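The residues making up each chain are set out below.
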Amino acid sequence: MTMLPSLIRVKNSIPAMDFSGTIIAKGPTALPNLEIGMRVFGVLETAAMLKGNGTLCEYINVSASSSMIMPVPENCSLEQAGCMAIGGMMSYLICKNGGIKEDCGLRILVNGASGGCGTIFVQVAKAMGAEEIAATCSSPNFGLMRELGADKLIDYRGQPSLQDRLAKDYADRPFDVIVDMVGNQDLYVNSPHYLKEDGVFVNIGDYTKGTFATALHWFLNTWWPRWLGGTPRNYKMFPPSFEPDVSVWFPSLIAKGQVRAVIERTMGFEEVLEVRDYFKYKRLNSPSHRLMTSSRRNGQEVGL
Ligand SMILES: NC(=O)c1ccc[n+]([C@@H]2O[C@H](COP(=O)([O-])OP(=O)(O)OC[C@H]3O[C@@H](n4cnc5c(N)ncnc54)[C@H](OP(=O)(O)O)[C@@H]3O)[C@@H](O)[C@H]2O)c1
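To start, this report covers the structure provided alongside it. (Residues numbered from 1 in each chain as written. Predicted model: local features only at pLDDT ≥ 70, side-chain atom pairs only at ≥ 80, totals over all residues.)

**Topic: the overall build of the protein chain**
Point 1. A count of helices and strands for the protein chain gives ten helices and twelve strands.
Point 2. The C-alpha radius of gyration computed for the protein chain amounts to 20 Å, which stays within 12% of the reference 19 Å derived for 304 residues, consistent with globular compactness.
Point 3. Overall size of the protein chain, expressed as C-alpha extent along the three principal axes, is 60 × 45 × 40 Å.
Point 4. Put simply, the protein chain has 304 residues, and 39% of those count as buried. (Helix = DSSP H or I, 4+ residues; strand = E, 2+ residues; numbered from the N terminus. Rg over C-alpha atoms; globule rule 2.2 N^0.38 Å. Buried ≥ 20, exposed ≤ 12 C-beta atoms within 10 Å, placed from the backbone.)

Here is the structure:
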C-alpha cells in the first residue's frame with residue numbers, strides 16, 4: 001500500500017499481491033495446466049496493483065499470462081501457500097542474480113532474514129546447499145531462524161554498527177554472497193571488508209527512504225566506476241518479474257518439505273484492518289513475522 005504514491009493510486013484500491021485459492025472459472029487464454037477446482041497460489045502482476053485490483057478479497061481475476069500462478073503441492077495448505085509466493089518469486093531471482101545453484105557450497109549473509117522474503121530465502125539457500133548461512137534479525141527470532149537453517153545469527157539491534165561487527169567477524173573469511181532484505185546502503189558501501197572480491201551483493205530491500213533515493217543508490221552502486229570511488233563489489237538489484245521456471249521450481253521445494261511458511265497467527269477476513277494496524281505498528285516487537293488473513297466463506301478458503 002505504501003509503495004505506490006497516493007497520486008497514482010486508484011481511490012479505494014484493494015491492496016495485496018500474494019494469493020492462494022481454488023480456481024472456479026477459466027478464461028480462453030488460461031494455461032492448459034490450470035483446471036477448475038485446482039488449488040493455486042501466486043503473485044498478481046504489478047499492473048493489477050496500479051489499477052487497484054489487489055488480492056485482499058474473496059474472488060480475484062488472474063491474468064495467467066502476466067501474473068505468476070502455480071499449483072499448490074498436496075502437502076501444503078492454502079493458508080501456507082497464501083504467504084509464500086512473493087518469497088518464492090524473490091528467492092528465485094536472488095538465486096539467479098547471486099549465482100546460487102544446487103550444491104552451491106557458498107557462504108551467504110542474509111540481512112533482515114526473519115521477514116516474509118527472508119524466511120523463505122534462508123530455507124531455499126539451505127536447500128541449494130549453502131555451506132554457511134549467517135542471518136541478521138532481532139534476537140527473539142533467533143530460534144525460528146535456526147529452525148529454518150541459519151547457522152550464525154546476529155542481532156542487528158544490539159550493535160553500534162552492523163558493518164563494524166561484520167568486518168571484525170568476517171574479514172578473514174568473507175562471504176560469497178550478501179542478500180540484503182532491508183536496503184542498507186552502508187552495508188553495501190562497507191562490503192569489501194566482509195564480501196569476497198568476486199562476490200555478489202544482492203539488494204531487494206526497501207523503499208522507505210523514497211523512490212528517488214532507491215533509484216539513485218541503484219544507479220550509483222551499479223554504474224559508478226571504481227576508479228572514481230565506487231564500491232569495488234558487484235551490486236545487483238532488480239524489479240519483481242515472473243519467470244515461468246519458478247512455477248515448477250518453487251512448488252517442488254515445498255513438495256520435498258524443503259520450504260515451509262512461517263505463520264504467526266491466522267486472522268479472519270473481517271479483522272483485516274486489525275491485521276494492517278498490527279503489521280504497521282506492532283510487528284517489530286513480535287516473535288515471528290508472517291501474518292495472513294484467511295477467508296472461509298461458502299466452503300472456500302483464501303489465504304492472502
Ligand atoms: N524488489 C522487489 O521486487 C521486492 C519484492 C518483495 C519484497 N521486497 C522488499 O524486500 C524487503 C523484505 O520484504 P519482507 O516482506 O521480507 O519484509 P519484512 O517481512 O518486513 O521483513 C523485514 C526484516 O528485516 C528485519 N529488519 C528490520 N530492520 C532491520 C535492520 N535495520 N537491519 C537488519 N534487519 C532489519 C526484520 O527483523 P526483525 O523483525 O527480526 O526485527 C525482518 O526480518 C522489503 O523491503 C520489501 O519492500 C522487494
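**Some remarks on the site of the ligand**
Point 1. Inspection of the region around the ligand gives 26 residues, with Gly112, Gly115, Gly116, Ser138 and Pro240 positioned closest.
Point 2. Contributions of two or more residues to the shell around the ligand are made by helix 3 (85-98), helix 4 (116-127) and strand 5 (132-137).
Point 3. With three residues, the top contributor of residues to the shell around the ligand is helix 4.
Point 4. Of the residues contributing to the shell around the ligand, the split by class is 13 nonpolar, twelve polar and one charged. (Near = placed C-beta within 6 Å. Nonpolar A, V, L, I, M, F, W, Y, C, P; charged D, E, K, R; others polar.)

**A look at the nonpolar core**
Point 1. In terms of nonpolar packing, the biggest core is built from 74 residues, with Ile108, Val110 and Val122 touching the most fellow members.
Point 2. The greatest single-element share of this core, amounting to seven residues, is contributed by helix 3.
Point 3. Residues from two domains meet in this core; each of domain 1 (6-84 + 261-303) and domain 2 (90-236) gives at least three.
Point 4. Excluding its chain neighbours within four sequence positions, the residues that come into contact with valine 122 are Val110, Ala113, Ile133, Ala135, Met145, Leu148, Gly149 and Ala150. (Core = buried A, V, L, I, M, F, W, Y, C linked by C-beta atoms within 7 Å. Domains from an automatic or database assignment. Contact = placed C-beta atoms within 7 Å.)

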